[in-house]
Amino acid sequence: MDQKLCPSCSEGILIPKYKQVLFTYQGGQYQIPDVVVQVCNTCGEEVINATEIRRMEKIAKQTRRGNITTPPHTHPAVGQNRR
Ligand SMILES: [Zn+2]
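Please read all numbers here as calculations on a predicted model, not as lab measurements. (Residues numbered from 1 in each chain as written. Predicted model: local features only at pLDDT ≥ 70, side-chain atom pairs only at ≥ 80, totals over all residues.)

### Some details on the overall build of the protein
Working step 1: Per the secondary structure count, the protein includes one helix and four strands.
Working step 2: Looking at the protein as a whole, 5% of its 83 residues are labelled buried.
Working step 3: By sequence separation, contacts in the protein at least 24 residues apart represent 49% of the contacts at least 6 residues apart. (Helix = DSSP H or I, 4+ residues; strand = E, 2+ residues; numbered from the N terminus. Buried ≥ 20, exposed ≤ 12 C-beta atoms within 10 Å, placed from the backbone. Contact = placed C-beta atoms within 7 Å.)

Okay, here's the thing in structure tokens:
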């Protein structure tokens with residue numbers, strides 16, 4: 001098996017996990033689901049590879065344009081879920 005050593009403690013092994021990550025991009029914060037995060041089983045260091053970061057940037061860009069989340073002209077102050 002191809003096991004990656006942790007760059008932080010050089011003892012632990014990085015284990016890939018799917019996580020929701022809070023990603024900061026150009027002053028905005030975006031919740032990105034199902035990001036592959038390599039988590040060290042010894043020190044808990046979390047490493048996200050360049051491919052995943054590029055994918056998160058793409059999602060953040062699309063979210064910014066309103067393609068994924070709520071459209072830009074909803075008013076958060078006016079309770080949308082009021083029933
Ligand atoms: Zn480690």
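### What about the sheet that holds strand S2 (residues 13-25)?
Working step 1: Spatial ordering of the open sheet is given by S1-S2-S3-S4, a layout of four strands whose pairing is antiparallel. Pairing within the sheet leaves two strands with one partner each, and these edge strands are strand S1 (4-5) and strand S4 (46-47).
Working step 2: Sheet analysis places S2 next to strand S3 (residues 28-40), joined by 11 bridges and oriented antiparallel. Along S3, the bridge assignment pairs valine 21 with isoleucine 32.
Working step 3: Relative to the sheet, helix H1 (residues 50-64) contacts S2 and S3, its axis offset from that of S3 by approximately 165 degrees. (Pairing = 2+ DSSP bridges. Axes fitted to C-alpha atoms, helices over the stretch in contact; angles between N-to-C directions.)

### Points about the pairing of S3
Working step 1: Turn length for the S2-S3 hairpin, with the two strands adjacent in sequence and antiparallel, is two residues, and the turn residue glutamine 26 shows positive phi of about 45 degrees.
Working step 2: Sheet analysis places S3 next to S4, joined by two bridges and oriented antiparallel. Bridge pairing links valine 39 to glutamate 46 in S4.
Working step 3: Adjacent in sequence and paired antiparallel, S3 and S4 are bridged by five residues, among which glycine 44 carries a positive phi angle near 85 degrees.

### Digging into unusual backbone geometry
Working step 1: Despite not being glycine, glutamine 26 has its phi angle at roughly 45 degrees, a positive value.
Working step 2: Summarising the element assignment, glutamine 26 is placed in the loop between S2 and S3.

### Brief notes about the pairing of S2
Working step 1: Where S1 lies against S2, two bridges are found, and the strand directions are antiparallel. Looking at the pairing, leucine 5 lines up with isoleucine 13 of S2.

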